[in-house]
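Fold and geometry: a report
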Amino acid sequence: MARRKVDHLVIGGGLAAANCARWLREEGGEGSILLVGREPDPPYNRPPLSKGYLQGKEAREDVLFRPDEWWDEQNIERLQRTSVMKLDSSERVATLSTKEEIEFETALLATGANVKRLRVDGCDLDGIHYLRAFANSEAIKADAQSRKRAVLIGGSYIGCEVAASLTAAHGVDCSIVMMEDVTFEPFYGKEVGGFFQGVLEEHGVTVHGGEELERFEGDGERVTKVVTKSGLELECDFVVVGIGVTPDVTLARAAGLELGEAGGVSCSAGLESSVPGIYAAGDICEYDSPIHGGPMRIEHWDVAFNQGKTAAFNMLGRGLEHDVVPYFFSDLADWVSMEYVGPGSGDLVVRGSMYEHAFTAFYMDEGRVVAALTVGRSDDLEHASRLLTERTKVDPTALADPDTDLGSL
Ligand SMILES: Cc1cc2nc3c(=O)[nH]c(=O)nc-3n(C[C@H](O)[C@H](O)[C@H](O)COP(=O)(O)OP(=O)(O)OC[C@H]3O[C@@H](n4cnc5c(N)ncnc54)[C@H](O)[C@@H]3O)c2cc1C
């Protein structure tokens, strides 16, 4: 079995991994870097898969993390379609699916997340899609271009973004089926979630809240109908399921790394796992957040991006804490865009006008801002980040008043 040594082993070909490899070089690391990824594609950004790429507005090259030639220019070795099968954390050796063994000095684990799957009658019928990778987005787009009616299972980001993209760009007749009463309710509450549902409905998306899926029916091959437990029946030509993800800690668990309560790899504030020299970043990373004062695991693009960077600095011995305020964005076609800092929940304070699509929703706990979402008032978000970091007590009435200078709070 071939065996060789690298300075930095980066496991997982997603965004956290790619940005870590990038910063290992940009921060002056001269050692050898090997990035190992299971997918056939080089590292790419996932958000466009439910937005611009699905709509046909962005091409494959636009979605890639970096163009193909960049990796060679940076002298970063990249293996695609290759999995790390085993990680021996005491010997510091990884075994690849190619049977090669890689000794390493430092390693990053960034194996991301897997979609949750439905196990109901009819779940194996053709035309039922999940969305995580390039190929999934392409398959959904192909159905959207040749078929008319879609049912989205789940009223969160994937369900809502895909419904908007399919309606706006492909003229597909979309219905959302979800257990919550209104879209995004678990994240933003009824009022703000209801705002986004209103936008979807204004553009022709039908939303069925409070419905639990019972089964899929088909013609023997493809899905033709969605049936809920209450008896609602929706005819359809294809389905997209977006019911959440679970962190992929298979490798970490087998390697004996400590796992956290949220199911991720338990890490210090500097993103180091329970084994010194092995770091984690992105969707699998459950780190001791200096901002939130406790363990946090967050499945956001920007978080994966920034954690990859912090991990790279620390793999080079910089000893940084990951003290970046978590940020998130989402678009429902070109109908509405949202930005968010958090996560956190609490009493809602609204500044601005939902009617005019220009408002910021602050979430407050014990007089402090713990999260904020904005539509059309990005400047507010900078202040929200500051208030959140400084844990400043603020008067909700002043916060709600659009005439208050947030800088003065
Ligand atoms: C359709 C879609 C839209 C999204 N939109 C937004 C958005 O608008 N805003 C936002 O903030 N976030 C969004 N997200 C979430 C965001 O993309 C993720 O949080 C981010 O991609 C996580 O990056 P990651 O590197 O941790 O994991 P991933 O991107 O999941 O990458 C992990 C990679 O590791 C590989 N891997 C796993 N195990 C192994 C192994 N043993 N060996 C080798 N490779 C392995 C996996 O195959 C995968 O390629 C979206 C996600 C999706 C799917």
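A brief report on the enclosed structure follows.

Criteria and thresholds
- Residues numbered from 1 in each chain as written.
- Predicted model: local features only at pLDDT ≥ 70, side-chain atom pairs only at ≥ 80, totals over all residues.
- Heavy atoms only, no water.
- Pairing = 2+ DSSP bridges.
- Helix = DSSP H or I, 4+ residues; strand = E, 2+ residues; numbered from the N terminus.
- Axes fitted to C-alpha atoms, helices over the stretch in contact; angles between N-to-C directions.
- Core = buried A, V, L, I, M, F, W, Y, C linked by side-chain atoms within 4.5 Å.
- Buried < 20%, exposed > 50% of the residue type's maximum accessible area, 1.4 Å probe, protein only.
- Contact = heavy atoms within 4.5 Å.

Section: the sheet that holds strand β17 (residues 265-267)
Picture the strands of a sheet paired through backbone hydrogen bonds; they go either parallel or antiparallel. If you walk across this open sheet you meet the 3 strands as β17-β19-β20, and the pairing is mixed. Strands at the two margins of the open sheet, each flanked by one partner only, are β17 and β20 (294-296). For this sheet, the mean angle separating the axes of adjacent strands, direction not counted, is 25°. With 3 bridges connecting them, strand β19 (residues 285-289) and β20 associate as antiparallel partners. Pairing of D288 across the sheet is with P295, part of β20.

Some points on the nonpolar core
The biggest cluster of nonpolar side chains holds 54 residues, and the ones touching the most others in it are L9 and L108. Ranked by residues supplied to this core, first place goes to helix α1 (residues 15-26) with 8 residues. Residues contacting L9, with those up to four places away along its chain left out, are L34, V36, A94, I102, F104, T106, A107, L108 and M315. Counting residues in each nonpolar core, the second largest holds 48 residues, with V63, F195, M338 and Y340 among its members.

So, the sheet that holds strand β8 (residues 128-130)
Spatially, the 5 strands line up as an open sheet ordered β8-β15-β9-β10-β11, and their pairing is parallel. Each having just a single partner strand, β8 and β11 (206-208) make up the two edges of the open sheet. Averaged over all pairs of adjacent strands, the angle between strand axes in this sheet comes to 20°, irrespective of strand direction. Examined bridge by bridge, β8 and strand β15 (residues 238-241) share 3 bridges and lie parallel to one another. In the strand pairing of β15, I128 is matched with V239. In this fold helix α6 (residues 157-170) packs onto β9 (149-153), β10 (173-177) and β15, with an angle of close to 170° to the strand it touches most, β10.

Description of the environment of H170
Along the chain, H170 turns up in helix α6. Separated by 82 residues in sequence, H170 and D88 place their C-alpha atoms 48 Å apart. Setting aside anything within four residues of it in sequence, one finds H170 in contact with L54, Q55, K141, A144, Q145 and S165.

Things to note about unusual backbone geometry
Of note, the amide linkage connecting G342 to P343 takes the cis form, showing an omega dihedral of 0°. Its identity as a non-glycine residue notwithstanding, A333 has a phi of 45°, on the positive side. With respect to the secondary-structure elements, A333 resides in the loop between β21 (327-332) and β22 (336-341). In this structure A333 comes out as buried when scored by relative accessible area, which is 12%.

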